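Close look at the chain arrangement
Chain by chain, the residues run as shown.
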Amino acid sequence: MRRIVYEGRIRERGQVQLLPPRPFCVIKMCMERTLISETPQHIGTMVLLKGWLVSIRDHGGVSFFTMRDATGIVQVVVTKALRAQYPLLSEWSTVALTGQITERPEKLRNPAMPTGSIEVQAQAIEVLSVAQPLPLPIDSEGYEITEDLRLRYRYLDLRRERIQRNLKTRQQMQDIVRESLRAQRFYEIETPLLTKSTPEGARDFVVPSRLQPGTFYALPQSPQQYKQLLMVAGFERYFQFARCLRDEDLRADRVLEFTQLDLEMSFTTREEVMALNEALLIHLVKTLFPQKHIQELPFPCIDYADAMKLYKTDRPDIRKDKNDPNLLAFCWVVNFPFFEKTDEGGWTFTHNPFSEPLPEHKKDLLAKKNIEHILTTQYDIVLNGSEIGGGSIRAHEPHTLHTVFEIMGFKKDRIQEQFGHMLEAFTYGPPPHGGIAWGFDRLVAMLMNEPSIREVIALPTGGSGKTAIMDAPSPIDPQQLKELKLSIVHEKKRSSKKKPTKRS
Ligand code: ASP
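Worth saying up front: this structure is predicted, and the values here are computed from it rather than measured.

**Details of the overall build of the protein**
The number of helices and strands found in the protein is 12 helices and 19 strands. A buried classification covers 47% of the 504 residues belonging to the protein. Once local pairs closer than 6 in sequence are excluded, the contacts in the protein between residues at least 24 apart make up 65%. About 27,400 Å² of surface is accessible on the protein, with carbon and sulfur atoms providing 53% of the total. Taking the 68 positively charged and 63 negatively charged side chains of the protein as two groups, their mean positions are separated by 7 Å.

Here is the structure:
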């Protein structure tokens, strides 16, 4: 076997030294790769494994490697002679390794490890890539490391077992939702990212158009209007794991883009949407989180007014035991006011301008009377004091929707310009419809007992709005600005002639 020597593994911070090209394959790749999770089924046979060396322990006579691939970890025993051929082998390098699988002696078995009853007697090793020392520890839970460092090296941070587990569970949750909704006649349909502003109460991210300079797309704050248009289109039931982008002021646990489970149903009622979502949540918890228990079934349904009176919040935390990490106290909150006063003395929507009011308040809405008393069909789903979703039955009659915007003080031209397409669509036989969206990241984080949604998003934006790994937002090439016919106006910095501060 040829010996592979890698030189110059040392790296200055942020500078990666290029390694000499890899010598030609030393392991004949005629063998098929065995996944680490499958190794216990191959006792006595020779296998080819590929993965990372997560730990290297040299014990005089032999060395033990822990090898990992996406399916698991396994112990590899390496003779002194074989180990001596790779003096520079470092942890987290990737290797291809052939070896014989043997049963471990009874007393050396590790019941905590799925492959703990076997080990691999290495015969040949080929180094596929060499790892420099990692810039952050990844064998811990990672909560103690600063967010900046974790997000800068997110591709390494993601190797952390906890985060791998979170993302795998997230995917299992998506699988269950998909399977369940598809079985109930839902279509999974993607809606565009380049779109027009849709009011969800946050600022839009905008994208300048090159082909029509001076005009802009908005990135969707939610697929609200598109999903309603899909109801007009006759699909009857739609869902999507939708990316939503909101230019919000950042708070500790806010990200600029997040994922909703978004769904919409035709010919439905508030009770039907709530029941379907409640059943889906229960199914998810029972299937994937058997250690958790739901406090009350069916989920209690609380009036907004009662919630405010009893709990001083519209996201009541109704847990009977707040110290039980496995307790899930879901509740619905309903009968919200449709409108609230703006600072300027006008009206704005509290939740969703596309909603239908409660039937008994429709007359007032159409007459624009008693506005502060008009209640909406909005329903929010709250878990342990956090809002994890919300939706409503929609206004499908153009006149109702138009009146909502009038109450909000929009002039006819503006209504036409911003929402003319919805009002027109509703003249062509729209089915009555309603829907909901779950804050999917929040739900995953809560079910995984994670303190932040960033722990369950692969590549989240950080607290300062920076993207993980790639340093966006960042300036763009002057040529790009020229093509877009945009120029940057630099605000003059105010001269800050500070008075010297007194020291106490
Ligand atoms: N579009 C709403 C939101 O993002 C949810 C809905 O009403 O379906 O909150």
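**Description of the nonpolar core**
With 45 residues, the main nonpolar core has Leu181, Leu261, Phe330, Trp438 and Leu443 as its most contacted residues. In terms of residue count, the dominant contributor to this core is helix α6 (residues 270-288) (8 residues). Excluding residues within four positions of it along the chain, Phe330 makes contact with Leu281, Val285, Ile294, Phe299, Pro300, Ile318, Ile381, Val382, Leu383 and Ile388. In terms of nonpolar packing, the next biggest core, distinct from the first, is built from 22 residues, Val95, Ile101, Val120 and Ala122 among them.

**Description of the site of the ligand**
Inspection of the region around the ligand gives Glu200, Ser222, Gln224, Lys227, Arg246, Gln260, Asn352, Gly390, Gly391, Arg394, Ile436 and Ala437 as its neighbouring residues. Gln260 places a polar side-chain atom, nitrogen or oxygen, 2.8 Å from an oxygen atom of the ligand. The separation between an oxygen atom of the ligand and a polar side-chain atom of Arg394 is 2.8 Å. Contributing elements (two or more residues each) for the shell around the ligand: α5 (224-232), β18 (386-393) and β19 (433-439).

**Considering a nonpolar patch on the surface**
A contiguous nonpolar surface patch, about 440 Å² in accessible area, is contributed by Tyr155, Leu459, Ile469 and Met470. For Tyr155, the location among the structural elements is in helix α3 (residues 154-157).

**A short note on the sheet that holds strand β2 (residues 62-69)**
Read once around its circumference, the closed barrel built from 5 strands follows the order β1-β2-β3-β5-β4, with strand pairing classed as mixed. Direction aside, neighbouring strands of the sheet carry axes that sit 55° apart on average. For strand β1 (residues 46-59) and β2, the ladder comprises 7 bridges, and the chain directions are antiparallel. Each residue of the ladder has a partner; that of His59, found in β2, is Val62.

**A closer look at the pairing of strand β17 (residues 379-383)**
With respect to burial, β17 is a largely interior element, 5 of its 5 residues being buried. Burial along β17 is two-sided: Tyr379, Ile381 and Leu383 facing one way and Asp380 and Val382 facing the other are all buried. The pairing of strand β14 (residues 330-334) with β17 spans 5 bridges and is antiparallel. What sits directly across from Cys331, in β17, is Val382.

**Some remarks on the pairing of β2**
For a regular strand, the rule is simple: side chains alternate between the two faces of the sheet. Counting buried positions along β2 gives 7 out of 8 residues, so the element sits mostly inside the fold. Here β1 hands over to β2 after 2 residues, with Gly60 in that stretch at a positive phi of 50°. Pairing geometry for β2 and strand β3 (residues 72-79), over 8 bridges, is antiparallel. Looking at the pairing, Phe64 lines up with Val77 of β3. Once β2 ends, the chain turns through 2 residues before running back antiparallel as β3.

**Structural notes on the packing of aromatic side chains**
This structure, assessed with the given rule, holds 12 aromatic pairs. Their ring planes at 10° and their centres at 4.5 Å tell us that Phe299 and Phe330 sit as a pair that is stacked. A residue pair is termed long-range when its members are at least 10 positions apart, and Phe299 in the loop between β11 (293-294) and β12 (301-303) and Phe330 in strand β14 qualify at 31 residues. Here Phe299 matches Phe330 in class, with each residue buried. The interplanar angle of 75° and the centroid separation of 5.9 Å between the aromatic rings of Phe354 and Phe419 together place this pair among those described as edge-to-face. Residue Phe354 is located in the loop between β16 (347-349) and α8 (362-367), and its partner Phe419 is located in helix α10 (residues 412-425); the two are separated by 65 residues in the primary sequence. According to the relative accessible area criterion, Phe354 is buried, its value standing at 0%.

Thresholds applied
- Residues numbered from 1 in each chain as written.
- Predicted model: local features only at pLDDT ≥ 70, side-chain atom pairs only at ≥ 80, totals over all residues.
- Heavy atoms only, no water.
- Helix = DSSP H or I, 4+ residues; strand = E, 2+ residues; numbered from the N terminus.
- Buried < 20%, exposed > 50% of the residue type's maximum accessible area, 1.4 Å probe, protein only.
- Contact = heavy atoms within 4.5 Å.
- Areas by Shrake-Rupley, 256 points an atom, 1.4 Å probe, with all protein chains shown as cover.
- Lys, Arg positive; Asp, Glu negative; His and termini not counted.
- Charge placed at Lys NZ, Arg CZ, Asp CG, Glu CD.
- Core = buried A, V, L, I, M, F, W, Y, C linked by side-chain atoms within 4.5 Å.
- Near = heavy atom within 4 Å.
- Polar contact = N/O pair within 3.5 Å; in protein donor to acceptor, adjacent residues only side chain to side chain.
- Patch = residues over 30% accessible without salt bridge, like charges linked within 9 Å, V, L, I, M, F, W, Y side chains within 5 Å.
- Salt bridge = Lys/Arg side-chain N within 4 Å of Asp/Glu carboxyl O.
- Pairing = 2+ DSSP bridges.
- Axes fitted to C-alpha atoms, helices over the stretch in contact; angles between N-to-C directions.
- Phe/Tyr/Trp six-rings, centres within 6.5 Å; stacked < 30°, edge-to-face > 60°.

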